[in-house]
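# Fold and geometry: a report
So the chains spell out like this:
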Amino acid sequence: MTPRAERIAALETTPFDVVVVGGGITGAATARDAASRGLRAALLERDDWASGTSSRSSKLIHGGLRYLASGQVHLVFESLAERNRLTALAPHLVEPAEFLFSAYRGRGVSPLLLKLGLTLYDFLALGRSARHRTLSREALLARERLLDSPDLLSGALYADARTDDARLTLENVLDAAALGAVAVSRIEVRGLRKDSSGRIRGVAARDEESGRLFNVSALAVVNATGPWGDRLRGQDQPEAPPQLRLSRGAHITVTASRLPVKQPVASPSSDGRLLFAIPFGSVTLLGTTDRDFAGSPDDVAADREDVELLLKAANAVFPSASLASSDIVATFAGLRPLLAETGKNVQDTSREDSVTISPSGLVTVSGGKLTTHRRMGERAMDRAAVVLRRHGREVTRSATRTRPFPGAPEKPLPVFLSEFGRAAKVLGLDAEAARHLGLRYGRRAEEVLALVAEERALGDRLSPGLPDIAAEIVFAARSEDARSIADLLARRTHLFWQASGQGAEALPRAAALAARELHWDKAGEKAAVEAYLSEVAKSRPF
Ligand code: FAD
C-alpha cells in the first residue's frame, strides 16, 4: 500500500466511480470486486480493517449445517460453493477441517435426522469435499474422549473449513488496493453528498487521525457498514424504517490445556444452539451466543451473562473439563447484521444477504456471512452497475471468481510450506514458527522472512509458547496498514485472544517496534499502550 497521506490525497482529487463505506469483509469484498472490473474504487473504514464484526466471528467457512433445519437450502448451497472456491483461491487462509458432531438423548437432532441432514449437506457440496461418516458412541469417544457424557448417543464426522476472519478481510483489502482501489482506514463517512436533483454524488468524510474534514466524489456509493447499516440509510432516507435486526454473538477462548479438543467439535447445547469448540493455536475457541441487541453498535462486548451461558453450555458438552471463568483467556462479541423479519426469533432469522438501492442511488448491502463475502461483493457491484450505467459508465463482469488471493502460493500448499520451512531454517527459525508464518501469510511470508534476514533479532518470538515473531509487528505496520497496538495484537496477530495476559508479555517489545515504524514519540507510545490495556479490560467481564 502507498503511504497513507498519498492515499488521502487521492481520495480528495480522484473522481471515483464508486465509494464503498465500511472495511469489514463485505465492504472489502465489494471494493475488490469493483476494482476487478476496472472501476475507480475507494474503500473507507472508520477504524481498523475488520475491527467490527469481521474479526469477531466463529472463523468458519462453512455451509452452515443448522441452516438446513430452518429450510435455508439455497444459502447452504451457495455457502458450500463459496467454501470450495475459497479453499482453492486462498489455500493458506481457508483450511479444510473435519468436524465432529455429537448427538444426544433428549436434546438437539436425533441420529436419524443428523444422518439425513449430513447426506443433504454432502449432496449440496456436489462431492467437492469428503463425505460424512456416522460414528457410534464408542467411535466418537475414541476420537474425542472429552465428549463423554451420560446422554451422548452417537455422532458423525463431516467436512467444513476454518479461517482467520480478520486476515481474510485484510487480504480482500490488499487485493483491492493491488487492483487500483484507494483503501484508507481511520476515515469516517459523516454524510452523503447529493446533487441538485437529489442523486448521491459522493460522501463527506473525516480523517480520524488528524480530524480533518474533506469530500470524496463518486458516481455511486455502497453502504457496507454491517451493523451500522441503518445509520447511513437513515441519513439518506430519514423516514425509512430500520432494515436490520442486530444479534449479539459472544465467544470465549480458554487455555487449550484445559480443553484440549483435537479437532473442531459442533454440539447441540441445552438452549438449542450449536456450541462450537475449535482448536485455535494455544487456546480453544468456544461460541457462540445469539441474543437480540438493542444498544449502540459502537458499544458491543461480551457480558457476564454471555460468559455464564458459554461456560454452562461447554460444561454440558465436555463435563469432565469443569471449565470455570479462571480458565478464560479472552472474550469477544460481535453483532450479526441480520435482516429484520417479523414474527421470527433471532436464531431463526435468515442469514441471507440483501442488496437494495434507494431512490437517490445509495446501494446498501447487508446481512450475509463471512463465507459468502465474495458473492455479496459481486451482487453489490452488479446492483451498483445500474447506477453507474445511468451515468454512462460501462461495467464489465467481476473477475473474483477465479482470482487467487494475494498470499495464495503458486505451488501446492504442502510444497510451498516445506520449501519455505527450509528457507526459514537458514535464518534460525524453527519448524513451528516457519509453518505458522507460511499459513498466516502464504507467499507473503517471504517478505516477513526478508525482514528477519535484514535484522536477525526480528526472528525472536513475541510471547512464550506462541509462534508469532517480532518481524510480524514490523511487517504489519509497514505493509499491512496497522496503526494501533490492538491492530497489531488482535487482528494482524492473535496475541489478544491467545496469549496468557492477552499479550502483556509481548506488549513492551511490540509497542517499541510499532513506535519505531509509525514514528510515535514517547507520549504517543504510552498512549497507545494505555489504549490497548483499556481494550483488554473491556474484554474481561468476569
Ligand atoms: P462489519 O465487519 O461489522 O463491518 C462494517 C464496518 O463498517 C465496520 O468495520 C465499521 O467500523 C465500519 N463503519 C461503520 N460506519 C462507518 C462509517 N460511517 N464510515 C466508515 N466506516 C464505517 N459468518 C461465517 O461465514 N462464518 C462464521 O463462523 C461466522 N460466525 C459468526 C459469529 C458471530 C458471533 C457473528 C456476530 C457473526 C458470524 N458470522 C459468521 C457472520 C459474519 O461474521 C458477518 O456476516 C460479517 O463479518 C459481517 O461483515 P460486514 O462487513 O457486513 O460488517
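Residues numbered from 1 in each chain as written. Predicted model: local features only at pLDDT ≥ 70, side-chain atom pairs only at ≥ 80, totals over all residues. Heavy atoms only, no water.

This part takes up the domain arrangement of the protein. Per the domain assignment, the segments of the protein are domain 1 (4-53 + 166-243 + 350-390), domain 2 (93-163 + 245-341) and domain 3 (413-538). Its C-alpha centre places domain 1 at a distance of 29 Å from the equivalent point of domain 3. Counting from both sides, the interface comprises 14 residues of domain 1 and, opposite them, 11 residues of domain 3. Buried surface at the junction of domain 1 and domain 3, summed over both partners, amounts to about 1100 Å²; 38% is from carbon and sulfur atoms. At the boundary of domain 1 and domain 3, one finds six salt bridges. Arginine 7 is the salt-bridge partner of aspartate 481, the closest N and O atoms lying 3.2 Å from each other. Connecting domain 1 to domain 3 are eight residue pairs in polar contact (both at pLDDT 80 or more). Within the residue set of the side of domain 1 that touches domain 3, elements represented by two or more residues are helix H1 (4-13) and helix H7 (165-178). The element contributing the most residues to the side of domain 1 that touches domain 3 is H7, with five residues. Looking at side-chain class alone, the side of domain 1 that touches domain 3 contains five nonpolar, two polar and seven charged residues. (Domains from an automatic or database assignment. Contact = heavy atoms within 4.5 Å. Buried area = accessible area lost by both parts, 1.4 Å probe. Salt bridge = Lys/Arg side-chain N within 4 Å of Asp/Glu carboxyl O. Polar contact = N/O pair within 3.5 Å; in protein donor to acceptor, adjacent residues only side chain to side chain. Helix = DSSP H or I, 4+ residues; strand = E, 2+ residues; numbered from the N terminus. Nonpolar A, V, L, I, M, F, W, Y, C, P; charged D, E, K, R; others polar.)

Further remarks concern unusual backbone geometry. At the junction of glycine 287 and threonine 288, the peptide bond is cis and its omega measures out at 10° in the coordinates. Inspection of the secondary structure puts threonine 288 in the loop between strand E14 (283-287) and strand E15 (291-292). Phi is positive for lysine 59, which is not a glycine, with a value near 65°. Mapped onto the secondary structure, lysine 59 falls in the loop between strand E2 (41-44) and strand E3 (60-61). The buried category is assigned to lysine 59, whose relative accessible area is 5%. (Buried < 20%, exposed > 50% of the residue type's maximum accessible area, 1.4 Å probe, protein only.)

Bringing the site of the ligand into the picture now. If you check the shell around the ligand, you find 37 residues, and the closest are Thr26, Glu45, Ser54, Leu60 and Thr371. At 3.2 Å, a backbone N or O of isoleucine 25 approaches an oxygen atom of the ligand. At a separation of 3.0 Å, a nitrogen atom of the ligand approaches a polar backbone atom of serine 58. About the coverage of the ligand: the protein hides 95% of its 1000 Å² of free accessible area. Of all elements in the fold, only helix H2 (25-36), strand E8 (187-194), strand E11 (244-255) and strand E16 (328-339) reach the threshold of two or more residues within the shell around the ligand. (Near = heavy atom within 4 Å. Areas by Shrake-Rupley, 256 points an atom, 1.4 Å probe, with all protein chains shown as cover.)

Time to look at the layout of surface pockets. Its volume calculated, the second largest pocket comes out at about 880 Å³. Lining of the second largest pocket is provided by 30 residues; of these, Glu95, Arg162, Phe280, Gly281 and Leu439 occupy positions nearest its centre. Contributing elements (two or more residues each) for the lining of the second largest pocket: strand E4 (95-104), strand E13 (274-280) and helix H12 (431-441). The leading source of residues in the lining of the second largest pocket is H12, at five residues. (1 Å grid on protein atoms, 1.4 Å probe; cavity = no way out; pocket = protein on both sides within 12 Å on 5 of 7 lines; lining within 4 Å. Points joined across faces, edges and corners; volume = space filled by probe spheres on them.)

Moving on, we get to helix H10 (residues 373-390). Residue pairs spaced three or four apart in an α-helix point in one direction, given the helix's 3.6 residues per turn. Its 18 residues place the ends of H10 26 Å apart at the C-alpha level, agreeing with the 26 Å of an ideal helix rising 1.5 Å per residue. A maximum bend of about 25° is found in H10 at alanine 384. If you check which residues of H10 are buried, you get His373, Arg374, Arg375, Met376, Gly377, Glu378, Ala380, Met381, Ala384, Ala385, Val387 and Leu388. Of the residues one or two after H10, glycine 392 is the one with positive phi, at around 80°. (Expected span 1.5 Å × (residues − 1). Bend = angle between axes of the 7 residues up to and from the residue.)

All right, on to empty space enclosed by the protein then. Inspection of every chain in the model, using the stated rule, returns one cavity of 30 Å³ or more. The computed volume of the largest cavity comes to approximately 30 Å³. Around the largest cavity sit Arg199, Ile200, Leu219, Ser360, Gly361, Val387, Arg390 and His391, which together line it. Considered class by class, the residues forming the lining of the largest cavity number three nonpolar, three polar and two charged.

Burial within strand E10 (residues 213-223) is extensive, with eight of its 11 residues counted as buried. For strand E1 (residues 16-21) and E10, the ladder comprises five bridges, and the chain directions are parallel. Following the sheet pairing, valine 21 is matched in E10 by asparagine 223. Two strands pair when backbone bridges link them, and strand E9 (residues 200-207) and E10 are joined in this way by five bridges, in the antiparallel orientation. Pairing of arginine 206 across the sheet is with leucine 213, part of E10. Taking the residues that link successive antiparallel strands as the turn, the E9-E10 hairpin has five residues, and the phi of glycine 211 there is positive, at about 85°. Inspection of the sheet shows E10 paired to strand E18 (residues 362-367) by three bridges, in the parallel sense. Bridge pairing in E18 links valine 222 to valine 363. (Pairing = 2+ DSSP bridges.)

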